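# Report on the structure
So you can see what is in the structure, the chains are spelled out below.
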Amino acid sequence: MQSLRSELHIVGICGSLRKHSHNLGLLRAFEQELPDNIKFTLADISEIPFFNEDREQPYPEAVLKLKETLDSADALVISSPEYNLSYTGVLKNALEWVSRRSLQTKLAGKPVALIGAAAIGVGVSQSHLRDVMFALNMKVINRPIVQVGYTREKFDSEGNLKDNVTRDLLVQLKNALIDAIVT
Ligand SMILES: Cc1cc2nc3c(=O)[nH]c(=O)nc-3n(C[C@H](O)[C@H](O)[C@H](O)COP(=O)(O)O)c2cc1C
């Protein structure tokens with residue numbers, strides 16, 4: 001059992017690059033619920049090039065930076081919208097890079113919480129993302145399910161979460177994620 005160290009670190013990845021993204025807002029709300037002794041970092045996937053096996057040696061700087069950020073994490077939280085009944089291409093592209101064996105990103109066994117918000121819902125996209133977490137051998141937190149649909153009423157114009165039911169679910173998920181780190 002790992003003791004609750006003061007330097008626990010959770011890294012968030014957002015599947016949307018939009019400035020006022022609802023998914024970014026969800027990650028901000030998640031971060032706001034963390035205790036002071038847990039550090040939160042938002043990983044930057046905006047500069048990651050399209051995956052290309054010809055570009056693996058050497059790995060692009062943005063990919064090495066992402067690997068470094070993920071390696072320093074005790075757990076991840078991934079927030080993605082649904083695009084055409086799947087999760088987003090930018091997120092898939094980033095996951096493809098960090099999945100490469102020669103990069104040796106420390107993902108296997110790491111706890112990961114999946115959250116998401118989309119105009120109608122994220123049930124299908126989250127299910128696809130869960131399959132990829134299986135491929136990466138990550139430890140998905142199964143409950144609570146955080147899938148935010150009909151987002152128009154739940155976020156303000158800058159992407160900040162207004163919905164207290166969702167916030168309560170994020171608190172429960174945060175607790176489950178921390179439990180998964182320390183047990
Ligand atoms: C290419 C594209 C496909 C989309 N497909 C879906 C979909 O399958 N289901 C859904 O609920 N919303 C869909 N939407 C709407 C997004 O969920 C909505 O734009 C959402 O706010 C994007 O997340 P963000 O606010 O974090 O950027 C789609 C949007 C785009 C741009």
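This text follows the structure it describes.
Cut-offs applied
Residues numbered from 1 in each chain as written. Predicted model: local features only at pLDDT ≥ 70, side-chain atom pairs only at ≥ 80, totals over all residues. Heavy atoms only, no water. Helix = DSSP H or I, 4+ residues; strand = E, 2+ residues; numbered from the N terminus. Contact = heavy atoms within 4.5 Å. Buried < 20%, exposed > 50% of the residue type's maximum accessible area, 1.4 Å probe, protein only. Pairing = 2+ DSSP bridges. Right-handed = clockwise from strand over helix to strand, strands pointing away.

### Here we look at the environment of R167
Positionally, R167 belongs in helix α5 (residues 164-182). C-alpha of R167 to C-alpha of A29: the two residues are 138 residues apart in sequence and 7.1 Å apart in space. Aside from chain neighbours lying at most four places away, what touches R167 is A29, Q32, E33 and L161.

### A few points about the side chain of S79
Along the chain, S79 turns up in strand β3 (residues 75-79). Since its relative accessible area comes to 0%, S79 is described here as buried. Once residues lying within four places of it in the same chain are set aside, the contact partners of S79 are I13, C14, G15, N23, L26, L27, I115 and G116.

### Quick word on the pairing of strand β1 (residues 8-14)
Judged by how many residues are buried, β1 sits mostly within the fold: 7 of 7 residues are covered. Here 5 bridges tie β1 to strand β2 (residues 38-42), and the two strands are oriented parallel to one another. Its bridge partner lying in β2, H9 is registered against K39. Read as a crossover between parallel neighbours, the route from β1 over helix α1 (residues 22-32) to β2 is right-handed. Bridge analysis of β1 against β3 gives 5 bridges, and the strand direction is parallel. In the sheet register, I13 faces β3, and the bridge partner there is I78.

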